[in-house]
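Structural features, examined
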Amino acid sequence: NQNKAIAGRLSASPALGIDLGLSGHHGKYDNEGAHNLSIVALDLDIRRGPFQLIGEGAKVSADVAQAATLLAAANPTAESQMGFYAQAGYHFGFGAIRRYPESVFTSVVRWDRVDYDTDRDGDDEQAATLGLNMRPVEGTVVKADYSWTWTRGVGGTTWSLPNKLFSFSLATYF
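Here we summarise the structure given alongside this text. (Residues numbered from 1 in each chain as written. Predicted model: local features only at pLDDT ≥ 70, side-chain atom pairs only at ≥ 80, totals over all residues. Heavy atoms only, no water.)

1. Re the overall build of the chain
Where we set the bar: The helix and strand labels rest on DSSP assignments: H or I over at least four residues marks a helix, E over at least two residues marks a strand, and numbering proceeds from the N terminus. For the radius of gyration, the atom set is restricted to C-alpha positions; the globular benchmark scales as 2.2 Å times the number of residues to the power 0.38. Exposed residues in this analysis have more than 50% of their type's maximum accessible area, buried residues have under 20%, and partly exposed residues fall in between, with area computed by a 1.4 Å probe over protein chains only. Note on contacts: a residue pair qualifies if any of its non-hydrogen atoms lie within 4.5 Å across the two residues. We treat Lys and Arg as the positive residues and Asp and Glu as the negative residues; His and chain ends play no part in the count. Here the site of a charge means atom NZ of a Lys, CZ of an Arg, CG of an Asp or CD of a Glu.
The secondary structure content of the chain amounts to one helix and nine strands. Order of helices (α) and strands (β) in the chain, N terminus to C terminus: β-β-β-β-α-β-β-β-β-β. The C-alpha atoms of the chain give a radius of gyration of 20 Å, which is well past the 16 Å a tight globule of 174 residues would have. Among the 174 residues that make up the chain, the fraction classed as buried is 26%. Long-range pairs, those at least 24 residues apart, make up 41% of the contacts in the chain between residues at least 6 apart in sequence. The positive charge centre, built from 15 side chains, and the negative charge centre, built from 19, are 9 Å apart in the chain.

What follows is the structure, encoded as C-alpha cells:
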C-alpha cells in the first residue's frame, strides 16, 4: 500500500550498566491500506560484574479481516497478541581458551511466554531454558541448551506436559 508507517525506539541509560528501551510501530499492513498494525515493546539490559539480566516484552494489536470460511470461524486470526522473555546470565572463564584471549563462557537461565490470542483463554506457550554458551571471539557463539516447553490449546486452561529439547548451535556474524 502507499501508506506510511511510523516506527521508532527510545533508549535510556539511567546508570552505568543499565539500558532501557521502548519501541513502537504503527501503520497499515495490507495491500488496500485498510487495516492497522500496532506494536509496542519494552526491553532491558542490566549488567553488574559477571552478571547480566536481559529481557523484552511486546504487545501487538491488529485490525484483522476475517475470512468468511468455516476454518476461519473455528480458528480466527487473533487481533491481540503478546509475549516476553527474561534471561539471566553469568559470564565466566574469560580468556580460558589460550588461542582465543577474548573468549568467554556464559551460563544462561531463560523464561519465555507467548500468548497468541490475548482475547481468549489458551492459545499460548511458555518455555524454560538452561544453557551454556562459549564465545571464542565476540562475533561467534557455540551454544548448548536444554529447554522445556508447555502449551495450551485454544480455550484451554491447563498446560500440556513439557516437550523437552536439547539443542546445539553455532552462530557467527560478519
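Picking up where we left off.
2. Side note on the pairing of strand β9 (residues 163–172)
What counts is decided by this rule: By this definition, two strands are paired if DSSP reports at least two bridges between them.
Along β9, only zero of the 10 residues are buried, which leaves the element largely exposed. Summarising the sheet, strand β8 (residues 140–152) and β9 pair through 10 bridges and their orientation is antiparallel. Its bridge partner lying in β9, tyrosine 146 is registered against phenylalanine 166.

3. Some details on the pattern of salt bridges
Any two side chains of opposite charge can pair, given that their charged atoms come close. Counted only if it meets this: One side-chain nitrogen of Lys or Arg within 4 Å of one carboxyl oxygen of Asp or Glu is enough to make a salt bridge.
Throughout the structure, instances matching the rule amount to six salt bridges. Here arginine 47 makes a salt bridge to aspartate 45, at a shortest N to O gap of 3.2 Å. Note on arginine 47: relative accessible area 44%, which makes it partly exposed. A salt bridge links aspartate 124 to arginine 152, with the shortest nitrogen-to-oxygen separation between them at 2.6 Å. Of the two residues, aspartate 124 sits in strand β7 (residues 124–137) while arginine 152 sits in strand β8, which places them 28 residues apart along the sequence. Each member of the pair aspartate 124 and arginine 152 is classed as buried. Connected via shared salt-bridge partners are Arg113, Asp124 and Arg152.

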